[in-house]
Amino acid sequence: KNAFKNTAITSFNFEVIAGRLVDGFTTETANNLNDRGAIREGAFEGTKLTEVVLPYSMKVTYIGTRAFANCENLVTVTLGFGLEIVEERAFENCANLEYVFIPASVKTFDNAFFGCDKVALDLDPDNLDFTMINGVMYNAAETAIIYVAKDASGEVNMPNTVKTVAQGAFKGVAGITAVKLSSAL
């Protein structure tokens, strides 16, 4: 936890991380993820990283809460296939974050990019847990709005199945002219 918090690190070779920062979870893990690779809570919070690339070979399946929060210089993030969980606020307040690729394997990333006002999420079309419709990302059942693309424009017609909207989902989306709310809200 907080292994490199507030350091001046600008780059990191994620393939050589070992030990407590990124490792196979064991019985000590509160999340009971057992034998899955993880970047733990707050591990790189406040560092000077400019890019994060988690190669497919790394087999990281979990990114903890605030793992990369407040990385003001972070611009791009490429998440590797096999990643399943990106905890809430994992990339919170990365003010210059512009691009994140979300692979098909990701099942959870609720509000992971809160306060990232410039970010554009690129969702793998093979992802079965999320869907992107006209710049609006929904969970697979279309009961929740997870994210709205910063370049989305025009009117948003929420499906009547939508019951929740993520905090800050529409923040900074200047091109939206109208939102038709779901009757389920």
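Refer to the structure printed above.
Note that this is a predicted model, so its numbers are computed, not measured.

**Q** Got a minute to help me understand the sheet that holds strand 13 (residues 164–165) in this structure?
**A** Sheets are built from strands paired through backbone hydrogen bonds, the pairs being either parallel or antiparallel. What the four strands build is an open sheet, ordered 9-10-11-13; its pairing is mixed. The two strands at the open ends of the sheet, each matched to only one other strand, are strand 9 (130–133) and strand 13. Here strand 11 (residues 144–148) runs beside strand 13; their pairing, made up of two bridges, is parallel. Bridged to I145 within strand 13 is V165.

**Q** Sorry if this is basic, but what is going on with the side chain of N139 here?
**A** Relative to the helices and strands, N139 is located in strand 10 (residues 136–139). Only 3.1 Å separates the side chain of N139 from the backbone nitrogen of A144, close enough to count as a polar contact. If near-sequence neighbours (up to four positions away) are discounted, N139 is found in contact with D129, F130, T131, A144 and I146.

**Q** Looking at this structure, how should I read the packing of aromatic side chains?
**A** Two measures describe an aromatic ring pair: the distance that separates the ring centres and the angle between the ring planes. Enumeration over the complete set of coordinates arrives at five aromatic pairs. Aromatic pair F109 and F113: ring centres 6.1 Å apart, planes at 65 degrees, arrangement edge-to-face. Taking relative accessible area as the criterion, F109 reaches 2% and is therefore assigned buried. Classification of F113 as buried rests on a relative accessible area of 10%.

About the thresholds
- Residues numbered from 1 in each chain as written.
- Predicted model: local features only at pLDDT ≥ 70, side-chain atom pairs only at ≥ 80, totals over all residues.
- Heavy atoms only, no water.
- Pairing = 2+ DSSP bridges.
- Helix = DSSP H or I, 4+ residues; strand = E, 2+ residues; numbered from the N terminus.
- Polar contact = N/O pair within 3.5 Å; in protein donor to acceptor, adjacent residues only side chain to side chain.
- Contact = heavy atoms within 4.5 Å.
- Phe/Tyr/Trp six-rings, centres within 6.5 Å; stacked < 30°, edge-to-face > 60°.
- Buried < 20%, exposed > 50% of the residue type's maximum accessible area, 1.4 Å probe, protein only.

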